[in-house]
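If you want the building blocks of each chain, they are given just below.
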Amino acid sequence: MLAPHLYINRELSWLAFNERVLAEAMDRRNRLLERVKFLAIFASNLDEYFMVRVAGIKRQIASGVKRTTPDGRTPLEQIHVINDRLLPLLAQLHATYMGLMPELAEHGVYLLNYAQTSEQEQGYLAQYFQEQIFAVLTPLAVGPSHPFPYISSLSLSLGVLIEDPVNGSSFARVKVPHRLLERFVLLRPGCFVPLEQVIAAHLDTLFSGMTIQATCSFRITRNADLALQEDEAGDLLVTIEQELRRRRFGEVVRLEVSPDMSLDIRQTLMETLDLDPAFVYTTPGLMDLSSLFRMVALDLPELKDPPFVPRTPRRLLDEDRSIFEEIQRGDLLVHHPYESFEHTVEHFIQAACDDPQVLAIKQTLYRMGGGSNSKLIEALIEAAENGKQVAVLVELKARFDEANNITWARALEKAGVHIVYGSRDLSLKTHCKVALVIRREAGELKRYVHIGTGNYNAKTANLYTDVGLFTCDPAIGADATDLFNVLTGYSSFSAYRKLLVAPTTLRLRLKELILREIACHHSENPGHIMVKMNALIDPEMIDLLYQAAQKGVRIDLIVRGMCCLRPGVPQVSEGVRVVSLVGRFLEHSRILYFKNGGQPEVFIGSADWMQRNLDRRVEVMAPVEDPLIKTELTNFMHACLQDNRQAWLLQSDGTYQRPPTSPETELFSVQEYMLNPT
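Quantities reported herein were computed from a predicted structural model and do not represent experimental measurements.

### Section: the packing of aromatic side chains
The geometry of an aromatic ring pair is captured by two quantities: the separation of the ring centres and the angle between the planes. Taken as a whole, this structure holds twelve aromatic pairs when the rule is applied. Residues Phe-324 and Phe-348 carry aromatic rings whose centres are separated by 5.9 Å and whose planes lie at 55 degrees to one another, so their mutual orientation is tilted. Within this pair, whereas Phe-324 is found in helix α9 (residues 323–329), its partner Phe-348 is found in helix α10 (residues 342–354), the two being separated by 24 residues in sequence. Each of the two residues, Phe-324 as well as Phe-348, counts as buried. For the pair Phe-324 and Tyr-448, a centre-to-centre distance of 5.1 Å together with 65 degrees between the ring planes defines the contact as edge-to-face. Pair noted here: Phe-324 is in helix α9 and Tyr-448 is in strand β16 (residues 444–452), with a separation of 124 residues, a long-range link. Take Phe-324 and Tyr-448: they sit in the same class, and that class is buried. Aromatic ring contacts, followed pair by pair, group Trp-14, Tyr-49, Phe-50 and Tyr-281 into a single cluster. Here Lys-58 stacks its cationic end above the ring of Phe-279, 5.4 Å away from the centre of that ring. The positively charged end of Arg-254 is found above the aromatic ring belonging to Phe-50, 4.6 Å away from the centroid.

As structure tokens, this is what we get:
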């Protein structure tokens, strides 16, 4: 077991990741609206963090849980250290926002407070309020006959203290309908005013005959974990639909308040929502900065990263040869977003739909996205209508994508696609990214497989960096067949030919690979492990890496987000380097490299090194055996390690620092290189 001082707290590690996101908003080398985008990403990330991670800790505190994390902290201690780290970040967030406003104004973009508008502009806003806003609002008074209203998660509200000439002072809540109306009211081209401030300026029309004593803004965040009784879920789809409705009114885990909130209103909210002061946060500026995504959408290309057109892999440019013929010639690697999702993955499924020799298509779908992701779904529906056997495993428990997945699952099922809602073992999420096509060739059946690191989602394929492997390797095809039989039926496999599958074989095989690297290591031929992933949290994997480092194995970890391994500890992890890349695209690919005494092994797949991925999810890692592809991925990982533009280096104290550079240093960004390879 790890000593606590060798394990970085995962919650603090996540906050450190979001701090790196905030640093991108502060980095003047980034274009202006890209910096605004990173502010919105920071805020959106933080919302999810509270809905899931802080909610879980708060639930542990309420249940009296005393057990400690691997770094030795109790749930209550974690809340304290989270706040110690978070409060300065929030101050920095809003200071950055205020600093960006004058820069936006220089380019004709203004986000004004209502008080900054002229008398003429206020006249226009009064008319706009009457015509576009007033009828949508519902003021909710609180009193003996009006219980405190339910407030949905992440909704923005105005709290109002009113003086009634008859009944005295009372409290009312006005919901700001920012999901129904524009979050920012357009005052004139390029000039906006926050919706809540327009409403606040006209509250007298909502409370006629009353005296408004005080007004303030507040926003609550609720626990978003689905409370599924999986052993009692007779119909998982219906159960999740019911839980999604309940999610809006889960336990409150955060209350954000404006600085002008009176102590009376603050106390009323805390008592009504049953909140400890530790979960109340004062927001000095604009509330809900995730809404800045709407500003990022402004048509100002000079303030954004230049657009790019994903490349079509050279091997797929020959229109006289089908994608199946091309895969027969050798395995094919695709690298998104640099290479087109449409002309590779979607083309693969569409070709299977159109090809009369294709008999069956089987696929896992984790995050299916909204309407913009319909091409792949439409191809699967068309294939079913063409008489092919189409089986799709839809993971309904993909957090925050449950509603989208339910919508698409119903559409697929209606078209005759065989739908399975997750693994037969409901405690497991199916997170692997696998598509299997069965084709008749020369009287025999041949299997074509795509295994990826990212979701089958056209939108995120342009935002996330992911790799995918197309192969017709018979052993991998047989493994994929066995996997789908496990997922859709009642088969049970504890061994696979080539694929590493969680929760059955992956953890054990990873352990074997690390121990083999230790055994292969010697001074004349030193061992080397390179791993690229999103998160490294699992204590056993960290302990194995420490063992390898102590034996002298060189270890390079490219971990975008949480990393609980502590590098640079004398006699423990001196040979470990941890790099995080934060840039234009979200680094999402998972790639493993083991030198193996000069006979390298490389794997790609869906699994991060977290307990949930290795033990409580269905994950797949596939070996890369083609020498050219193996070299391509190895070179890519080396390029990631050379990045000195978007890279951060994890220090032994858990903080991150930019690589040291000088004015003469030539900056290298792996993402820019992949966009424009030489």
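Once you've had a look at it, read on.
### Things to note about helix α4 (residues 119–133)
Structural remark: α-helix, 3.6 residues per turn; residues separated by three or four positions point the same way. In this model α4 runs 20 Å from its N-terminal to its C-terminal C-alpha over 15 residues, within 8% of the 21 Å that 1.5 Å per residue would give. Of all the residues in α4, the buried ones are Glu-121, Leu-125, Phe-129 and Ile-133. Taken down its axis, α4 places every buried residue within 90 degrees of arc, on the same side. Residues of α4 that are exposed and point more than 90 degrees away from the buried face comprise Glu-119, Gln-120 and Glu-131. In this structure, the buried residues of α4 make contact with β5 (184–188), β6 (191–194) and α5 (195–200).

### Observations regarding empty space enclosed by the protein
Summed over the entire model, instances satisfying the criterion amount to two cavities of 30 Å³ or more. Of the volumes computed, that of the largest cavity is approximately 180 Å³. Surrounding the largest cavity, 17 residues form its lining, Leu-46, Leu-90, His-94, Arg-254 and Glu-256 being those nearest its centre. Secondary structure elements with two or more residues in the lining of the largest cavity: α2 (32–62), α3 (75–105), β8 (252–257) and β9 (280–282).

### Digging into the pairing of strand β11 (residues 358–365)
Residues in a regular strand point their side chains to alternate faces of the sheet. A large share of β11 lies buried, amounting to six of its eight residues. Here β11 runs beside strand β12 (residues 389–394); their pairing, made up of six bridges, is parallel. Each bridged residue has a counterpart across the sheet, and for Gln-363 the counterpart in β12 is Val-392.

### Things to note about the layout of surface pockets
If a probe as big as a water molecule is rolled over the atoms, it shows which places are left empty. The computed volume of the second largest pocket comes to approximately 790 Å³. For the second largest pocket, the lining is made up of 23 residues, of which Arg-311, Leu-333, Glu-339, Glu-632 and Met-674 are closest to its centre. Elements represented by at least two residues in the lining of the second largest pocket include exactly β10 (332–336), α17 (627–642) and α18 (670–675). Of the residues forming the lining of the second largest pocket, the biggest block, eight residues, is contributed by α17.

Here is what the cut-offs are and how they apply
- Residues numbered from 1 in each chain as written.
- Predicted model: local features only at pLDDT ≥ 70, side-chain atom pairs only at ≥ 80, totals over all residues.
- Heavy atoms only, no water.
- Phe/Tyr/Trp six-rings, centres within 6.5 Å; stacked < 30°, edge-to-face > 60°.
- Helix = DSSP H or I, 4+ residues; strand = E, 2+ residues; numbered from the N terminus.
- Buried < 20%, exposed > 50% of the residue type's maximum accessible area, 1.4 Å probe, protein only.
- Lys NZ or Arg CZ within 6 Å of the ring centre and 35° of its normal.
- Expected span 1.5 Å × (residues − 1).
- Arc of directions from axis to C-beta.
- Contact = heavy atoms within 4.5 Å.
- 1 Å grid on protein atoms, 1.4 Å probe; cavity = no way out; pocket = protein on both sides within 12 Å on 5 of 7 lines; lining within 4 Å.
- Points joined across faces, edges and corners; volume = space filled by probe spheres on them.
- Pairing = 2+ DSSP bridges.

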